[in-house]
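Okay, here's what each chain looks like letter by letter:
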Amino acid sequence: MNKLKAIAIELTKKNVLLRKAIRQLIYMKRFLGYFYIKTFNKVDDKLICFKSFNGKSYSCSPKAIYEYMLNQDKYKDYKFVWVFSNPENYKHLENNRNTKVISASGKEYNKTMAKSKYWIHNYRVADHIYPKKNQVYVQCWHGTPLKRLGYDIDCGGNVLNTAEEIHFKYKVDAAKFKYILSPSKFASEKFITAWNLKAIGKENNVVEQGYPRNDKLMNFSEDDIQRIKTALNIENVNKKIIFYAPTWRDNQHDSSIGYTYKTEVDFDKLRDALGDEYIILFRAHYLVANSFDFEKYSGFVYDVSAYDDINDLYIVSDILLTDYSSVFFDYANLKKPMIFYMYDFDAYKNEMRNFYIDIEELPGPIIKNADENRLIDEIKTCMDKAHIDQYEEKYIAFNNKFNYLDDGNAAQRVADLIVQA
């Protein structure tokens with residue numbers, strides 16, 4: 001991001017009217033450009049466009065749906081396009097049947113969106129890109145929500161958007177998609193209010209069939225575990241694995257790079273207390289742009305933020321350490337110990353997002369302040385039988401409420417419902 005753009009972003013943080021004016025100008029330029037391309041490109045009924053986390057990775061439900069379709073004869077005539085910010089890193093996917101990899105920017109992307117019958121994305125489509133009436137946009141989303149979304153945000157928004165601007169973004173998205181995927185009745189209810197679907201008559205467009213991305217959590221093998229450990233370069237590490245996955249903070253942003261995250265954990269203290277028996281796989285949220293220097297903790301902390309598929313990290317870990325990230329909903333399918341280190345609980349709840357559920361439902365210990373001593377104690381004991389028994393009832397209730405549809409076959413159900421093969 002160049003200096004001029006960073007200065008512009010800094011100015012728009014402080015001036016809402018200027019921000020809206022600039023965004024409207026950019027929107028109109030892009031909208032007219034896309035409208036021209038859309039007008040002169042006919043929809044191909046056998047073309048499907050996949051995109052995950054705005055082009056940052058090959059992962060999540062788009063990946064699961066793609067891989068299911070790739071292995072089914074009834075989809076053998078379909079063509080698949082994957083969209084990435086760094087397409088050169090994913091050219092190997094073109095070894096798969098009828099698969100093409102393209103860049104997330106430029107005319108080829110716009111042309112692909114204009115021609116694809118199906119858009120299978122897990123993030124909002126750019127505001128200026130609207131589907132034709134005969135196109136099917138499938139909003140896969142990327143997790144059961146703990147934090148409030150869209151129209152349900154009643155705090156002050158974030159550093160780049162007021163609550164009103166956030167509501168508008170969700171309004172635009174809702175107007176576009178044909179389906180939104182849901183893993184549970186709970187999630188369906190929240191998606192309906194977050195996207196204000198009743199107001200536009202789309203409350204029945206929620207596909208409540210489980211999350212395709214969680215199929216892998218039901219279908220992995222010991223060979224998969226060894227493959228993943230080799231890819232992470234920890235195949236010879238004979239220690240317990242802590243997967244630390246904190247979420248992003250709406251109020252931490254650097255105009256020159258984007259959203260940032262400041263690690264509040266005392267890794268020195270954790271290494272001294274746990275280094276002989278544990279390692280940590282640290283993964284920043286996909287919106288976080290800053291990098292992390294863990295060289296000092298080599299052999300104890302491994303930065304896996306750039307690793308594509310988070311499911312692999314779930315599978316190889318023994319313990320999940322998180323805060324407000326929705327990762328724990330998916331991780332609960334594995335019935336492994338979870339610890340919730342919410343060191344800024346009051347500020348996060350009251351000043352940023354607030355929550356959809358009572359956190360007392362969480363099936364693990366909750367630490368609401370920066371208390372590394374308690375964190376260390378919880379890590380040391382969370383795999384003990386007494387600890388597991390303590391949270392067993394909560395775990396059962398949690399999975400019965402949030403994960404009852406995750407049975408390893410969600411991709412099949414979703415693909416066969418949304419694609420008229």
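First, a word on what this report is: a plain description of the structure on this page.

Rules used throughout
- Residues numbered from 1 in each chain as written.
- Predicted model: local features only at pLDDT ≥ 70, side-chain atom pairs only at ≥ 80, totals over all residues.
- Heavy atoms only, no water.
- Pairing = 2+ DSSP bridges.
- Helix = DSSP H or I, 4+ residues; strand = E, 2+ residues; numbered from the N terminus.
- Contact = heavy atoms within 4.5 Å.
- Axes fitted to C-alpha atoms, helices over the stretch in contact; angles between N-to-C directions.
- Phe/Tyr/Trp six-rings, centres within 6.5 Å; stacked < 30°, edge-to-face > 60°.
- Buried < 20%, exposed > 50% of the residue type's maximum accessible area, 1.4 Å probe, protein only.
- Lys NZ or Arg CZ within 6 Å of the ring centre and 35° of its normal.

Here six strands make up an open sheet; going across it, the order is S12-S11-S8-S13-S14-S15 and the pairing parallel. Strand pairing shows two members of the sheet lacking a second neighbour, strand S12 (301-303) and strand S15 (366-367), which therefore form its edges. Relative to S12, strand S11 (residues 278-282) is paired through three bridges, and the arrangement is parallel. When the bridges of S12 are listed, Ile280 appears paired with Val301. Docked against the sheet, helix H12 (residues 372-381) engages strand S8 (240-245), S11, strand S13 (319-322), strand S14 (338-341) and S15, running at close to 175° with respect to S14.

Pairing is parallel across the open sheet formed by seven strands, whose spatial order is S3-S2-S1-S4-S5-S6-S7. Unpaired on one side and paired on the other, strand S3 (99-103) and strand S7 (206-208) mark the two borders of the sheet. Going from strand to strand, the sheet's axes swing by 25° on average, the running direction of each strand aside. Note: strand S1 (residues 44-51) against strand S4 (residues 116-121), five bridges, orientation parallel. Looking across to S4, one finds that Phe50 is bridged to Ile120. Strand contacts of helix H4 (residues 107-115): S1, strand S2 (79-84), S3 and S4, with the helix running at about 110° to S4, the strand carrying the most contacts.

To continue, consider the packing of aromatic side chains. The full count for this structure, using the stated rule, is 38 aromatic pairs. With a centroid separation of 6.4 Å and 85° between ring planes, the pair formed by Phe31 and Tyr130 is classed as edge-to-face. Linking Phe31 in helix H2 (residues 16-39) with Tyr130 in the loop between S4 and strand S5 (136-139), this pair joins segments that are 99 residues apart in sequence. Owing to a relative accessible area of 24%, Phe31 belongs among the partly exposed residues under this scheme. Following the ring pairs from residue to residue traces out a cluster consisting of Phe50, Tyr58, Tyr66, Phe80, Trp82, Phe84 and Tyr90. Cation over ring: Lys202 sits above Phe177, and NZ or CZ is 5.4 Å from the ring centre. Its guanidinium or amino end placed over the ring of Tyr278, Lys240 lies 5.4 Å from that ring's centre, counting from NZ or CZ.

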